[in-house]
Amino acid sequence: MVSAGVQFGWALQLSLLTPYIQVLPCVRIWSDKCSSKYGRRRPFILASSLMISVAVTIIGFSADIGYLLGDADEDHRNFKGT
């Protein structure tokens with residue numbers, strides 16, 4: 001039983017880490033070539049912070065969004081975040 005938990009933990013870590021492995025080299029190259037008046041890194045930090053904020057908000061309201069998009073009544077909880 002313990003080994004199944006370890007395998008699940010590794011799979012979860014790899015699934016969360018994969019986007020960083022694929023996206024960060026591209027962002028680093030783009031930011032090194034950036035010549036913004038705010039600096040090389042600040043525009044990318046701001047853009048990524050806004051995208052993460054939107055994503056976390058969408059995750060928080062995912063049940064309500066699913067219900068609005070047509071999920072059946074038995075597929076959602078009674079709680080509504082809105």
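For the structure, see preceding data.
Within any chain, residue numbers begin from 1 and follow the written order of that chain's sequence. Side-chain atom pairs in this predicted model are given and counted only at pLDDT of 80 or more, local residue features only at pLDDT of at least 70, and totals for whole chains, interfaces and linings cover all residues. Processing note: side-chain calculations cover all non-hydrogen atoms of the structure and skip hydrogens and water entirely.

(A) Layout of the overall build of the chain. Only DSSP runs of H or I reaching four residues or more are called helices, and only runs of E reaching two or more are called strands; each is numbered from the N terminus. Each helix and strand in the chain was counted, giving 3 helices and 0 strands. Reading the helices (α) and strands (β) of the chain from amino to carboxyl end gives α-α-α. Residue burial considers only the protein chains on display, and all accessible areas are found by Shrake-Rupley using a 1.4 Å probe. Carbon and sulfur atoms provide 67% of the accessible area of the chain, an area that totals close to 7400 Å².

(B) Local environment of the side chain of S31. Along the chain, the position of S31 falls in helix 1 (residues 2-33). A distance of 3.0 Å separates a polar atom in the side chain of S31 from the backbone oxygen of R28. Pairs of residues are marked as contacts when any of their non-hydrogen atoms sit within 4.5 Å. For S31, the contacting residues outside a window of four places in its chain are R40, R41 and F44. Any N or O atom pair separated by 3.5 Å or less is treated as a polar contact, with the protein-specific requirement of one donor-capable and one acceptor-capable atom, and with residues adjacent in sequence counted only for side-chain atom pairs.

(C) Representation of the environment of C34. Inspection of the secondary structure puts C34 in the loop between helix 1 and helix 2 (42-60). In sequence terms C34 and F44 are 10 residues apart; their C-alpha atoms lie 9.5 Å from each other. Setting aside anything within four residues of it in sequence, one finds C34 in contact with G39, R40 and F44.

(D) Layout of the environment of R42. Of note, R42 is situated in helix 2. In the structure, R42 is positioned 11 residues away from S31 in sequence and 9.0 Å away in space, judged by C-alpha atoms.

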